[in-house]
Amino acid sequence: MNPAPLRRAGLVVLAALAALLTLASPAAAHGADAPDGTDYRATVTAVAPARPGLTARLVEAGARLELTNRTGTDVEVLGYSGEPYLRVGPGGVYENTRSPATYLNRTIAGDTRLSPEVDPAATPVWRRTGDGPTARWHDQRTLWLDPAPPAQVSADPGHEHRIRDWVVPLRAGDRTVEVRGTLDWLPPPDPYPWCTAATLGFLLLGAAGLAPAGTPAGVRALRAVAALLTVGGLAAVATAVGRALDAGADGPGGLALGLLTGQTWTLLTGLGAVAAGGYALARRAAADFPVTLAGACLVLFAGVPNLAVLARAVAPVAGPAGLARLLVTLVLATGAGATAAGLLRLHTAARAARTVRPGPARPVPR
């Protein structure tokens, strides 16, 4: 490879990353109210009295309360003044535009401006917001909204603390039903071991790029980088699936929709890394460039957006938080390592091309 193609390859990498960042911005903004991690664990403990077909759970690392009503009759969620707030039933989901909760619950912080027509004592005005039996919303009764931690946490941050028990009241006909739960504070993990592991993985994998391309050692090094990049891509796909499930995806159709609408870039970059790793493992020519690009995208769109997982007790991923941290560490180490190794190989190839380039032809003396 001579310097001109190397420069063109660098420009292509920069242009591709800029385009991906531009396109990803709306998607990131769309999900900006979903936390990347938290130290507060909210849990639904019961729906009391129990009603077959009426279930509740917390999604998005506890940021939203989800209510599913398959009882065949409407159930109302009551707001902060006891007013009707949501109506969930066979006809879909409706919100009361007179309820303050309709506006306060649109963000975690509860900072949405109230409509002038808000009046919790007025007759409800219902507006349809969904056609299914499930509603999801931020409920301040299940959250800790103060930026400062509770007093007991400040006094003893090394241990778990029960912050409060909470209740969200419902009304089913003339009966009152309660969604009951707890809010706990968990000590955050030490991110240092995970960051150290990611850094060591990056250095070891990046060092593989020092082996000269075209030599037996260089071929083995590229295959090792490709194999580990594939592992990192699979870790990114697993992270995307875990986040979609934690956001409330239900069934194969719901999972597919959640991946395509909420985890698009993590999923695509993970699949891209798997494809680039497979391409290099097949010993295809010019594999260094796709490996470099795939590694950089893996770090930017699957690693960096999930960095908070390493330092938060509750990860927005279905399954154990420790597994989520392991997946993110793999993404960071393999993505950054593959990028470094690919750039080193491209640089070495360009330098070798300059060395063997023939000089200008000299005129033959007559």
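Since we're looking at a predicted model, the values are computed, not measured.

Conventions we followed
Residues numbered from 1 in each chain as written. Predicted model: local features only at pLDDT ≥ 70, side-chain atom pairs only at ≥ 80, totals over all residues. Heavy atoms only, no water. Salt bridge = Lys/Arg side-chain N within 4 Å of Asp/Glu carboxyl O. Helix = DSSP H or I, 4+ residues; strand = E, 2+ residues; numbered from the N terminus. Buried < 20%, exposed > 50% of the residue type's maximum accessible area, 1.4 Å probe, protein only. Expected span 1.5 Å × (residues − 1). Patch = residues over 30% accessible without salt bridge, like charges linked within 9 Å, V, L, I, M, F, W, Y side chains within 5 Å. Areas by Shrake-Rupley, 256 points an atom, 1.4 Å probe, with all protein chains shown as cover. Pairing = 2+ DSSP bridges. Axes fitted to C-alpha atoms, helices over the stretch in contact; angles between N-to-C directions. Core = buried A, V, L, I, M, F, W, Y, C linked by side-chain atoms within 4.5 Å. Contact = heavy atoms within 4.5 Å. pLDDT = per-residue confidence, 0-100.

A.B. asks: Just checking my understanding: could you explain the pattern of salt bridges for this structure?
C.D. replies: For side chains of opposite charge, pairing can occur when their charged atoms come near one another. Enumeration over the complete set of coordinates arrives at 16 salt bridges. The salt bridge partner of Arg 106 is Glu 95, with a shortest N-O separation of 3.6 Å. Taken as a pair, Arg 106 in the loop between α2 (100-104) and β7 (126-130) and Glu 95 in strand β6 (residues 92-96) lie far apart in primary sequence, eleven residues in all. Taking the relative accessible area as the measure of exposure, Arg 106 reaches 40% and is therefore partly exposed. Across the pair Glu 95 and Arg 127 runs a salt bridge, and its minimum N-O distance is 2.5 Å. With Glu 95 in strand β6 and Arg 127 in strand β7, this pair connects stretches of sequence that are 32 residues apart.

A.B. asks: Sorry if this is basic, but what is going on with helix α7 (residues 264-281) here?
C.D. replies: The α-helix winds at 3.6 residues per turn, so residues separated by three or four positions along the chain end up facing the same way. The end-to-end C-alpha distance of α7, which contains 18 residues, comes to 26 Å, matching closely the 26 Å that a straight helix rising 1.5 Å per residue would cover. Of the residues making up α7, those classed as buried are Trp 265, Thr 266, Leu 267, Thr 269, Gly 270, Ala 273, Ala 276, Gly 277 and Ala 280. At the C-terminal side of α7, Arg 283 shows a positive phi close to 60 degrees.

A.B. asks: How should I be thinking about a nonpolar patch on the surface in this particular structure?
C.D. replies: Residues Leu 228, Val 231, Leu 323, Leu 326 and Leu 330 make up a contiguous nonpolar surface patch of about 370 Å² in total accessible area. At the level of elements, α5 (216-246) and α9 (321-356) are the ones that each hand at least two residues to the nonpolar patch. With respect to the helices and strands, the residue Leu 323 is situated in helix α9. On the accessibility criterion, Leu 323 (43% relative accessible area) is partly exposed.

A.B. asks: Can you walk me through the sheet that holds strand β5 (residues 84-89) in this structure?
C.D. replies: Strand pairing in a sheet is mediated by backbone hydrogen bonds. Such pairs are either parallel or antiparallel. Pairing is antiparallel in the open sheet, where seven strands are placed in the order β1-β10-β9-β4-β5-β6-β7. Of all the strands in the sheet, the pair left with one neighbour each is β1 (40-48) and β7. Taking the axes of each pair of neighbouring strands and ignoring which way they run, one obtains an average angle of 25 degrees across the sheet. Of the strand pairs in this sheet, strand β4 (residues 75-78) and strand β9 (residues 161-172) are connected by two bridges, and their pairing is antiparallel. Paired with Val 77 across the two strands is Leu 170, which belongs to β9.

A.B. asks: Looking at this structure, I do not really get the nonpolar core. What am I missing?
C.D. replies: Counting 27 residues, the largest nonpolar core has Leu 67, Val 77, Trp 137, Leu 170 and Val 179 as the members making the most contacts within it. Contributing elements (two or more residues each) for this core: β1, β2 (54-59), β3 (64-69), β4, β5, β8 (134-137), β9 and β10 (175-185). With five residues, the top contributor of residues to this core is β9. In this structure Leu 67 touches Leu 54, Thr 55, Ala 56, Val 75, Val 77, Val 88, Pro 133, Thr 134, Ala 135, Trp 137 and Leu 170, once residues within four positions along its chain are discounted. If you look at the next biggest cluster of nonpolar residues, it comprises 22 residues, including Leu 222, Ala 236, Leu 327 and Ala 341.

A.B. asks: Even after reading the chapter, I still don't get the environment of Ala 227, so can you show me in this structure?
C.D. replies: If you trace the backbone, Ala 227 turns up in helix α5. The partly exposed category is assigned to Ala 227, whose relative accessible area is 32%. Separated by 107 residues in the primary sequence, Ala 227 and Thr 334 place their C-alpha atoms 9.6 Å from one another.

A.B. asks: How do you make sense of the environment of Val 179 when you look at a structure like this?
C.D. replies: The residue Val 179 is located in strand β10 in this model. Excluding residues within four positions of it along the chain, Val 179 makes contact with Val 44, Ala 46, Val 47, Ala 56, Leu 65, Trp 166, Val 167, Val 168 and Leu 170.

A.B. asks: In this structure, what is going on with the confidence of the model for the chain? I would like to understand it.
C.D. replies: If pLDDT is low for a region, its predicted coordinates should not be looked at in detail. In this model, the chain carries an average pLDDT of 88, and 87% of its residues clear a pLDDT of 70 or more. β4 holds the highest mean pLDDT among the elements of the chain, 98, whereas helix α1 (residues 3-30) holds the lowest, 43. Within the model, the stretch residues 1-32 combines pLDDT values under 50 with 30 contacts to residues more than four positions away or in other chains.

A.B. asks: Explain the sheet that holds β3 here, please?
C.D. replies: The three strands are arranged β2-β3-β8 in an open sheet whose pairing can be described as antiparallel. The sheet terminates laterally at β2 and β8, the two strands that pair on one side only. On average, adjacent strands in this sheet sit at an angle of 15 degrees to one another, irrespective of strand direction. Where β3 meets β8, four bridges bridge the pair, whose relative direction is antiparallel. Within β8, the residue paired with Glu 66 across the bridge is Arg 136.

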